[in-house]
Amino acid sequence: MSSKFVTVPRTICFGFLAVISFGTILLMLPISIAEGTWGDFITAFFTSTSAVCVTGLVVVDTGTYFSFWGQLFIMLLIQVGGLGYMTATTFLLLILGRRFGLRERLAIQQSLDSPGLSGVVQLVKSIIAMTLIFELTGAFVMILVFAPQHGFDRALWLGIFHSVSAFNNAGFGLFPDNMISYATNLPINLIIPLLIIFGGIGYQVIYEMYLWLRDRLTRSRERIVFPLNFKIVTSTTIFLLLLGTIAFLYIEYNNPETFGQYNFTGKLMVAWFQAVVPRTAGFNSIDYGKMTDAGLFITIALMFIGASPGSTGGGIKTTTFRILYECTKAVLQGKEEVLCYQREIPIALIRKAVGVVFGSLTTVVLATVLIAISDPQVEFIRVLFEAVSAFATVGLSTGITASFSVFAKLVLIATMYIGRVGILLLMSAILGDPTPTRVRYPEENLLVG
């Protein structure tokens, strides 16, 4: 095959397709099904895509439909999907002792959204180490929570599975009601949201936090100057978490089907949990099918924004949201340049942000229309909720996924895939590398707004 055809974006896109296909085969095997029979193709295909795309949407109860081996395959698919195809492949090749050329380094750089090529292999090693630290810590805490009720052996598996699912922002759960039974459990309301948040802010931000903490503890005279990416990601994440918590607490406070059954402390924990999970991790401690339309729409907005670049989460990303906000503010103030934290944002990034939002909105609208045509009996707000959840790789649902038609499930599968690989990367894979040109055309004004 021509090297011109096998571009970096195509390598990443085909890689995800290959992992999804392999996972589908594994999840169809009799050893993966609790009843010991061959699994349904659509169910296996949907679950594999949801796991690799770290979404969490399900058409069956993961804890009862799949055997231990099926659940193990799902967890491994989540891990590969969360790390990213190129990161997981790089790790395996490092174990085998293979050296990396320019093409491999470029593929890793694009898949991780890293600013440069230098040190990408070392970055992969750091990512693997950070992932293990967070997942093992989360598993240890959850084992302590689950052991009294389920016994140590069962709690060990529950802790490992849910920790991997949380840090990779997947949202797969092994309980029939997900986390509703633990809605007011303090350790669960701390460890799962923290895993989701750290998994969703990006590996580069975590590493910069580590360097800052190390210098503070060692009383180093050198002080880290945080880059613009760190400032935008952390400040926007904190703002969205606080906004989400307050909004859910206000909107659902007296809803007897969601928050109304708890005291104020319980309501605060449930509101906090629901503010975190739309960051693209589909755990839930309430029944979203009983949430008010206002609550659902707030969730849709938070899901669409999603996590941050270089993370395990999806959505348009916090940086894209912040760039467009600062761009809008600059227009309203009559400024020529777009500034944030006394730094000018390059026009190339603004164009990229516009492209991401436009492509994302187009994907969501198309998916919503197709599902609404296929399943006209479903309320529009629930169809939109499901489409955004799939695209942003969140996995939250109002409980209608399993009842969708086969066509609607295939639409969700495609939407999850597009959301995971990224709309711009997918278009680059389809269109190929741009052809350089020296032709320049004259400018002309037109009416806007």
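Before reading further, recall that the structure is shown in the block above.
Residues numbered from 1 in each chain as written. Predicted model: local features only at pLDDT ≥ 70, side-chain atom pairs only at ≥ 80, totals over all residues. Heavy atoms only, no water.

With respect to the side chain of Thr319
Line of reasoning, step 1. Along the polypeptide, Thr319 turns up in helix H14 (residues 318-332).
Line of reasoning, step 2. Once residues within four sequence positions are removed from consideration, Thr319 is found in contact with Asn229, Ile232, Val233 and Pro309. (Helix = DSSP H or I, 4+ residues; strand = E, 2+ residues; numbered from the N terminus. Contact = heavy atoms within 4.5 Å.)

Digging into the pattern of salt bridges
Line of reasoning, step 1. Evaluated as defined, the whole model comprises 5 salt bridges.
Line of reasoning, step 2. The partner of Lys290 in a salt bridge is Glu257, with the nearest N and O atoms 3.7 Å apart. With Lys290 in the loop between helix H12 (264-276) and helix H13 (293-305) and Glu257 in the loop between helix H11 (228-252) and H12, this pair connects stretches of sequence that are 33 residues apart.
Line of reasoning, step 3. A salt bridge links Arg322 to Glu326, with the nearest nitrogen and oxygen atoms 3.0 Å apart. (Salt bridge = Lys/Arg side-chain N within 4 Å of Asp/Glu carboxyl O.)

Here we look at unusual backbone geometry
Excluding glycine, residues mostly have negative phi values, and the peptide bonds linking residues are mostly trans.
Line of reasoning, step 1. Its identity as a non-glycine residue notwithstanding, Asn178 has a phi of 60°, on the positive side.
Line of reasoning, step 2. Looking at the secondary structure, you find Asn178 in the loop between helix H8 (152-167) and helix H9 (186-201).
Line of reasoning, step 3. The class of Asn178 is buried, set by a relative accessible area of 12%.
Line of reasoning, step 4. One non-glycine residue, Thr280, lies in the positive phi region at around 100°.
Line of reasoning, step 5. Take Thr280: it is sitting in the loop between H12 and H13.
Line of reasoning, step 6. Relative accessible area serves as the criterion here: at 0%, Thr280 is assigned to the buried category. (Buried < 20%, exposed > 50% of the residue type's maximum accessible area, 1.4 Å probe, protein only.)

Considering the nonpolar core
Line of reasoning, step 1. Counting residues in hydrophobic clusters, the biggest one holds 115 residues, and the most contacted among them are Phe146, Met179 and Ile192.
Line of reasoning, step 2. A total of 9 residues in this core trace back to one element, the largest contributor, which is helix H7 (residues 120-150).
Line of reasoning, step 3. Ignoring any residue separated from it by four or fewer positions in sequence, one finds Phe146 in contact with Gly151, Ala155, Leu158, Gly159, His162, Phe175, Met179, Tyr182 and Ile188.
Line of reasoning, step 4. Among the nonpolar cores identified, the runner-up in size contains 8 residues, and Ile232, Val338, Cys340 and Ala353 belong to it. (Core = buried A, V, L, I, M, F, W, Y, C linked by side-chain atoms within 4.5 Å.)

Points about the packing of H11 against H13
For any two helices packed against each other, the geometry comes down to the angle between their axes and how far apart the axes lie.
Line of reasoning, step 1. Between H11 and H13, the least distance of the axes is 10 Å, while the angle of their chain directions is 165°. Considered as vectors, H11 and H13 are oriented roughly antiparallel to each other. The handedness of the crossing between H11 and H13 comes out as left-handed. Taken together, the residues of H13 that come into contact with H11 (itself represented by Leu240, Gly244, Ala247, Phe248, Ile251 and Glu252) are Ala294, Gly295, Ile298, Thr299, Leu302 and Ile305.
Line of reasoning, step 2. Looking at side-chain class alone, the contact of H11 with H13 contains 8 nonpolar, 3 polar and 1 charged residues. (Axes fitted to C-alpha atoms, helices over the stretch in contact; angles between N-to-C directions. Parallel < 35°, antiparallel > 145°, perpendicular 65-115°, else oblique. Left-handed = near helix turned anticlockwise from the far one by under 90°. Nonpolar A, V, L, I, M, F, W, Y, C, P; charged D, E, K, R; others polar.)

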